Amino acid sequence: MLIVVALALLAAASGPFDQAYAQQRGAHLVASFDSGKATDTALADSTHRSGVSAAAGPFDQAAVEVTFAPDPRAPSTASQPPPLVMTVVGRDQPDTAVDELHVWQGRWAVRSGEIVINVEPTADVPMTLGDTATLGDGRTVKVVGLAYTVSQSAQAWVTSGEMATLHPTTKQMLYRFTAAATDAEISAGQAAVTAGMPAGALLGTQSYLTLRFNAELTAGVFLPFLMIFGCFGLVVAVLIVANVISGAVVAGLRHIGVLKALGFTPNQVMAVYLTMVLLPTVAAAVLGTILGNVLAVTVLSGAFFESYGAGAFHVAPWVTITALFGVPVLVGLTALLSSVRARRLSAVEAISAGSAPRPGRGLRVQRWLGGTRLPRAVSLGVGLPLARPARSALTAATVLLGVAGVTVAIGLSSSVTAYVDADTRADAVHLDVRPAKGGPTLSDQADESMLRALPGAERVVASKELTMRQIGGTEPTQVRFYRGSDAGFEMPKGRWPAAAGEVAVSPRFLTQSRLALGDTFTLERDGKQLPVRIVGEVLMGAAEPVLSHWATLTRIAPDSRADSYEVKLATGADVSAYVAGVKAGDPGLIAEPASAPSVIVAVYSTITLLTLLLGAVAALGVFNTVVLNARERRRDLGTLKSIGMTPRQVVLMMVTSMAALGLAGGLVGIPIGIVFQRYAMHAIAHAAQIVIPDHMLDVYSAPIVVLLILAGAVIAAVGALFASRSASRLTIADALRTE
């Protein structure tokens, strides 16, 4: 089971967007054509051009103004949602040859007056099925479905008949190419499908490479720790298989000796034993593969595959085949290698070797431990692993990886929490006060003064956001202007804007704009151009908004008032009382608590689930070792009981033997986990184009390190407890009856 999950994690980490895109047959190129210049015949002919592997369309397309009803979950004072200009496409079915849509709620539109909205499955949906939307011409349509397109080919869909009433002037074509790995190959495909068309027929295109880049910024948060846990899980599974099978062969030496005494040849003995080992292995491999597929789907669908709109994650066929056939092969090879020595032993040697480990193994250490003041059960337990050093090493390695996994999980959770707290300014912004429906009743300055005067307010910062355009770019740029302090933003580099014409930006904005601290760029709005200089780099996960001083706003829109007041409350302040005070002071304002991004919940849940799985499997490996030790040392246990050892002392001896290995594994596993935690965070930062300060990586305090050291002993002790209790119930007669 763990092998399936581990291999599925590694397969998923190799390209989740590409897998989801292939599953939905996403469009490599979404092209919009002028209906007056590109005829349906010409567009149909473009689907047969060289390099086109599949195509869909033409579909009528129009930019439609859509107004949705207010969210029923919003407060009654919330303002009416503004009209949205949406790209609406007429499609009669979701499952076309290219861009198969994932209808994850409701159904597809089948008649006039119905609309399907493009919404990401994991997003907070501001609408429900059955809601109505008003189009620009005053007609209303009913929301009958929520779907998602990984190609981002439209924002909404209606039937072709409904689209005809919207008087579209644009045709949409969806293409998949035989080669689409680079911009040059996409451009070549675009040139092929537009060859021979009139000038101006092609209005615009969208390449899947752009979508892939943006999607992998989010996936970059998951991929590093999925790879780490996948590798850890795979190694742990292999170690457990090797340990159990080799131990089973050694524990079965007595049985092998009896078979030889009855006349079985060495080859016949090996054939019998391999058959005995492989039969339950095949059954376990089938059951484990089924359970592993179920668990892998649960883990990875919750991580990010539903975010790509591809529905539930499907385990790659090669993963299932590898687990189904690879495990029996691994077991067979391990049993074969372990049986080589047994094959050469005579019947007498095999029977005597199967009774107990060879004398002399760790004898000096065991004698030294016997001379200490430790309780006899403890001293015997600490020396017990030395009797089978190879088996003990495999068990310690299993615990080591379990502790390393726990270390990585704690480090990642702490680092991600620290970054999210800084990004959302959790300690600096407790409430966001914005205008409600109808607008504020007081002036801008009066509202700010009122908010400062309310009991519990420690700091109030007013701000205003404008949509501007960066000269040299085509996309709009969001700029937020702050009045007063730095509003709690962490500044890894530079300083907060203190004068007009100064801005602070995020690392992602610098990367995508190819700018650096100290550079200048120009913003434009309503024909006014304003050169600004980058004076600071803020810790922010998103590329925007660009942050600036209020004095900059007065140069562009001097009569603007704040659209947000960020409030920091004093320690112990009554949040409900402050919210009530805001409503009483100005009914035109609404105060809402700040919230963390939903992706963080997915990160935490995935890390927790994988950590529990890895720890449980490591404990299972210890359990198997104790079972083998107890079976192999039946005579020793009987002898110890005959001279007065109680069942509790037997349990203590067995648990101590494994706890010692767990403690050693913990000491080595912690530094390994710290190394992988830093690797994962640096990989996340690189993929997401963010900067993570060093203080967010140094999260292992002394108490945490102590707990992690003890975690190895706890994992081993838990795994040993149940098996040792069974061994403690063994009677003296049962243990010695074969002697």
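Rules used in this analysis
- Residues numbered from 1 in each chain as written.
- Predicted model: local features only at pLDDT ≥ 70, side-chain atom pairs only at ≥ 80, totals over all residues.
- Heavy atoms only, no water.
- Helix = DSSP H or I, 4+ residues; strand = E, 2+ residues; numbered from the N terminus.
- Buried < 20%, exposed > 50% of the residue type's maximum accessible area, 1.4 Å probe, protein only.
- Contact = heavy atoms within 4.5 Å.
- Arc of directions from axis to C-beta.
- Polar contact = N/O pair within 3.5 Å; in protein donor to acceptor, adjacent residues only side chain to side chain.
- Axes fitted to C-alpha atoms, helices over the stretch in contact; angles between N-to-C directions.
- Left-handed = near helix turned anticlockwise from the far one by under 90°.
- Nonpolar A, V, L, I, M, F, W, Y, C, P; charged D, E, K, R; others polar.
- Pairing = 2+ DSSP bridges.
- Phe/Tyr/Trp six-rings, centres within 6.5 Å; stacked < 30°, edge-to-face > 60°.
- Salt bridge = Lys/Arg side-chain N within 4 Å of Asp/Glu carboxyl O.
- Core = buried A, V, L, I, M, F, W, Y, C linked by side-chain atoms within 4.5 Å.

Peer 1: Help me understand the overall build of the chain, please; the structure alone is not making it clear to me.
Peer 2: Secondary structure assignment for the chain yields 23 helices and 20 strands. Taken across its 739 residues, the chain has 49% of its residues classed as buried. Summarising the internal contacts of the chain: among those between residues at least 6 apart in sequence, 82% fall at separations of at least 24.

Peer 1: Just checking my understanding: could you explain helix 18 (residues 575-585) for this structure?
Peer 2: One full turn of an α-helix is made of 3.6 residues, so residues set three or four places apart face in the same direction. Those residues of helix 18 that fall on the buried side of the exposure criterion are Y578, G581 and V582. Down the axis of helix 18, the buried side of the element spans an arc of 100 degrees, and every buried residue falls inside it. Away from the buried face of helix 18 by more than 90 degrees, exposed residues S576, K583 and A584 are located. Against strand 11 (431-435), helix 15 (444-453), strand 12 (457-470), strand 19 (564-569) and strand 20 (589-593) lie the buried residues of helix 18. The backbone nitrogen of S576 lies 3.1 Å from a side-chain oxygen of the residue at the head of helix 18, namely D574.

Peer 1: Even after reading the chapter, I still don't get the packing of helix 13 (residues 376-383) against helix 21 (residues 647-688), so can you show me in this structure?
Peer 2: Relative orientation and spacing of two packed helices are given, respectively, by the angle between their axes and the distance between those axes. Two elements in contact, helix 13 and helix 21, have axes separated by 7 Å at closest approach and are oriented at 35 degrees. Crossing of helix 13 against helix 21: the hand is right-handed. Counted together, A377, V378, L380, G381 and V382 of helix 13 and Q649, L652, M653, T656 and S657 of helix 21 form the full contact between these two elements. A class-by-class count of the residues in the contact of helix 13 with helix 21 yields six nonpolar, four polar and no charged.

Peer 1: Looking at this structure, I do not really get helix 20 (residues 634-642). What am I missing?
Peer 2: L637, G638 and K641 are the residues of helix 20 that are buried. Angular distribution of buried residues about the axis of helix 20 spans 100 degrees; they occupy a single face of the element. A positive phi of about 115 degrees marks G644, the residue just after helix 20.

Peer 1: Explain the side chain of T159 here, please?
Peer 2: In this structure, T159 sits in the loop between strand 8 (156-158) and helix 4 (160-164). Its relative accessible area of 6% is what places T159 among the buried residues. Only 3.1 Å separates the side chain of T159 from the backbone nitrogen of E162, close enough to count as a polar contact. With residues up to four places along the chain from it excluded, the contact list for T159 reads G90, R91, D92, A109, V110, R111 and S112.

Peer 1: How do you make sense of the pairing of strand 12 when you look at a structure like this?
Peer 2: Taken residue by residue, a regular strand's side chains alternate between the two faces of the sheet. The pairing of strand 12 with strand 19 spans six bridges and is classified as antiparallel. Paired with S463 across the two strands is S564, which belongs to strand 19. Of the pairings in the sheet, the one linking strand 12 to strand 16 (residues 520-525) comprises two bridges and is antiparallel in character. Paired with Q470 across the strands is L523, a residue of strand 16.

Peer 1: Would you mind going over the pairing of strand 16 with me for this structure?
Peer 2: Here strand 16 runs beside strand 17 (residues 528-537); their pairing, made up of six bridges, is antiparallel. Within the sheet, the bridge partner assigned to T522 lies in strand 17 and is P531.

Peer 1: Can you help me understand the packing of aromatic side chains in this one?
Peer 2: In this description, a pair of aromatic rings is defined by centroid distance and the angle of the planes. Under the counting rule described, the total for this entry stands at six aromatic pairs. Pairing W108 with W157 gives two aromatic rings, centres 5.8 Å apart and planes at 45 degrees, and the pair type is tilted. Pair noted here: W108 is in the loop between strand 4 (102-106) and strand 5 (114-118) and W157 is in strand 8, with a separation of 49 residues, a long-range link. The exposure class of W157 is buried, given its relative accessible area of 0%. Plain terms: the ring middles of Y482 and F489 are 5.9 Å apart, the flat faces sit at 80 degrees to each other, and that makes the pair edge-to-face.

Peer 1: What am I meant to see in the environment of A543 here?
Peer 2: If you trace the backbone, A543 turns up in the loop between strand 17 and strand 18 (546-549). Since its relative accessible area comes to 15%, A543 is described here as buried. Once you skip the residues sitting within four places of it in the chain, A543 turns out to touch S506, R508, F509 and Q512.

Peer 1: Sorry if this is basic, but what is going on with the pattern of salt bridges here?
Peer 2: For the structure shown, the criterion picks out 20 salt bridges. Across the pair R495 and E502 runs a salt bridge, and its minimum N-O distance is 2.8 Å. Taking the relative accessible area as the measure of exposure, E502 reaches 11% and is therefore buried. Two residues, D698 and R678, come together in a salt bridge whose shortest N-O distance is 2.2 Å. Of this pair, D698 sits in the loop between helix 21 and helix 22 (702-728) while R678 sits in helix 21, and the two are 20 residues apart along the sequence. Given a relative accessible area of 29%, R678 falls into the partly exposed group. Connected through salt bridges with shared partners, the residues D444, E448, R452 and R483 form a single ionic network.

Peer 1: Before we go on, may I ask you to explain the nonpolar core in this structure?
Peer 2: The nonpolar side chains of a soluble globular protein tend to be buried with one another. By size, the foremost hydrophobic cluster in this structure holds 34 residues, and its most contacted members are V433, L451, F481, F521, Y565, Y578 and V582. The element that contributes the greatest number of residues to this core is strand 12, accounting for four residues. Discounting chain neighbours no more than four positions away, the residues touching V582 are V433, M450, L451, L454, L589 and A591. L412, I607, A680 and A685 belong to the second-largest nonpolar core, a separate cluster that totals 30 residues.

Peer 1: Explanation requested: unusual backbone geometry in the structure shown.
Peer 2: What you tend to see is this: most non-glycine residues have negative phi, and most peptide bonds are trans. Cis geometry marks the peptide bond from G57 to P58; its omega dihedral reads 5 degrees. The residue P58 is located in strand 2 (residues 52-68) in this model. Along the chain, E544 connects to P545 via a cis peptide bond; the corresponding omega equals 10 degrees. Along the chain, P545 turns up in the loop between strand 17 and strand 18. Notably, D99 is not glycine yet its phi reads approximately 65 degrees, a positive angle. Note that D99 resides in the loop between strand 3 (84-90) and strand 4. Residue Q152 is not a glycine yet carries a positive backbone phi of 55 degrees. Judged by its relative accessible area of 31%, Q152 is partly exposed.

Peer 1: Which parts of the structure should I look at to understand the environment of A680?
Peer 2: Along the chain, A680 turns up in helix 21. For A680 and L412, which are 268 residues apart along the polypeptide, the C-alpha to C-alpha distance reads 7.8 Å. Beyond its immediate sequence surroundings of up to four residues, A680 is in contact with P224, I228 and L412.

Peer 1: Got a minute to help me understand the packing of helix 14 (residues 389-424) against helix 22 in this structure?
Peer 2: At their nearest, the axes of helix 14 and helix 22 sit 9 Å apart, and the two run at 145 degrees to each other. Viewed along their axes, helix 14 and helix 22 form a crossing whose handedness is right-handed. Where helix 14 abuts helix 22, its residues V399, G402, V403, V406, T407 and I410 lie against I704, L708, A711, G712, I715 and A716.

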